[in-house]
Amino acid sequence: MRVVRGLSGIVAAGTFVLMLVVVGASVIADRRGFPGPGGESVAWHAVIAAIVVAAQMYSDRRRGFAALSGSALVFVMAGVLLWTQWWS
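Below is a summary of the structure that appears in this document. Everything numeric in this text was worked out from a predicted model, so none of it was measured.

## Regarding the overall build of the protein chain
The secondary structure content of the protein chain amounts to three helices and zero strands. Here the C-alpha coordinates of the protein chain stretch approximately 50 × 20 × 15 Å along the principal axes. Of all 88 residues assigned to the protein chain, the portion counted as buried reaches 26%. In the protein chain, the proportion of contacts linking residues at least 24 apart, taken out of those at least 6 apart, comes to 69%.

What follows is the structure, given as structure tokens:
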């Protein structure tokens with residue numbers, strides 16, 4: 001179980017950093033007057049990052065199936081973000 005929680009923690013941290021990068025790119029693009037990630041993409045990243053961090057915190061504080069379900073939610077939501085905002 002520790003390995004799964006550790007991997008989901010890495011994914012959660014990566015998702016949070018990715019959200020910071022997208023927000024930063026949006027701000028820089030707006031200031032310099034070139035196209036960047038729009039408000040919809042920034043919102044997707046912010047919402048998913050909040051869900052993922054909350055799910056990871058839940059997973060870290062529980063044991064057994066509850067911890068596994070929190071970790072699974074992290075993986076699923078990160079996959080949804082990558083699929084909808086980066087690959088499609």
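Following the structure, the description resumes.
## As for the packing of helix α1 (residues 2–32) against helix α3 (residues 65–87)
Contact geometry of α1 with α3 gives a least axis separation of 9 Å together with a crossing angle of 35 degrees. Here α1 runs over α3; the crossing is left-handed. Judged by residue contacts, Val4, Arg5, Leu7, Ser8, Val11, Ala12, Thr15, Leu18 and Val22 of α1 engage Ala67, Leu68, Ser71, Val74, Phe75, Ala78, Leu81 and Trp86 from α3. Grouping the amino acids of the contact of α1 with α3 by side-chain chemistry returns 13 nonpolar, three polar and one charged.

## So, the side chain of serine 71
Position of serine 71 among the secondary structure elements: in helix α3. Apart from the residues within four sequence positions on either side, serine 71 is in contact with Val4, Arg5, Ser8 and Ser59.

## A look at the nonpolar core
If you look at the biggest cluster of nonpolar residues, it comprises seven residues: Ala12, Ile48, Val52, Ala55, Val74, Met77 and Leu81. If we skip the residues at most four places from it in the chain, leucine 81 touches Thr15, Leu18, Trp44, His45, Ile48 and Trp86.

## Describing α1
A rise of 1.5 Å per residue sets the reference length of α1, with its 31 residues, at 45 Å; its end C-alpha atoms lie 45 Å apart and thus fit the reference within 8%. Taken together, the buried positions of α1 are Ser8, Ala12, Thr15, Met19, Val22, Ser26 and Ala29. On its buried face, α1 sits against α2 (39–61) and α3. One or two positions beyond α1, positive phi appears at glycine 33, with a value near 75 degrees.

## Looking at the environment of phenylalanine 34
Structurally, phenylalanine 34 can be placed in the loop between α1 and α2. We classify phenylalanine 34 as partly exposed; its relative accessible area is 42%.

## Considerations on a nonpolar patch on the surface
Together, Val3, Leu7, Ile10 and Phe75 make up an exposed nonpolar region whose accessible area comes to about 410 Å². For the nonpolar patch, the element with the most residues is α1, which contributes three residues. Positionally, valine 3 belongs in helix α1. A relative accessible area of 63% places valine 3 in the exposed class.

Definitions and cut-offs
- Residues numbered from 1 in each chain as written.
- Predicted model: local features only at pLDDT ≥ 70, side-chain atom pairs only at ≥ 80, totals over all residues.
- Heavy atoms only, no water.
- Helix = DSSP H or I, 4+ residues; strand = E, 2+ residues; numbered from the N terminus.
- Buried < 20%, exposed > 50% of the residue type's maximum accessible area, 1.4 Å probe, protein only.
- Contact = heavy atoms within 4.5 Å.
- Axes fitted to C-alpha atoms, helices over the stretch in contact; angles between N-to-C directions.
- Left-handed = near helix turned anticlockwise from the far one by under 90°.
- Nonpolar A, V, L, I, M, F, W, Y, C, P; charged D, E, K, R; others polar.
- Core = buried A, V, L, I, M, F, W, Y, C linked by side-chain atoms within 4.5 Å.
- Expected span 1.5 Å × (residues − 1).
- Patch = residues over 30% accessible without salt bridge, like charges linked within 9 Å, V, L, I, M, F, W, Y side chains within 5 Å.
- Areas by Shrake-Rupley, 256 points an atom, 1.4 Å probe, with all protein chains shown as cover.
- Salt bridge = Lys/Arg side-chain N within 4 Å of Asp/Glu carboxyl O.

Geometry only, nothing functional implied.
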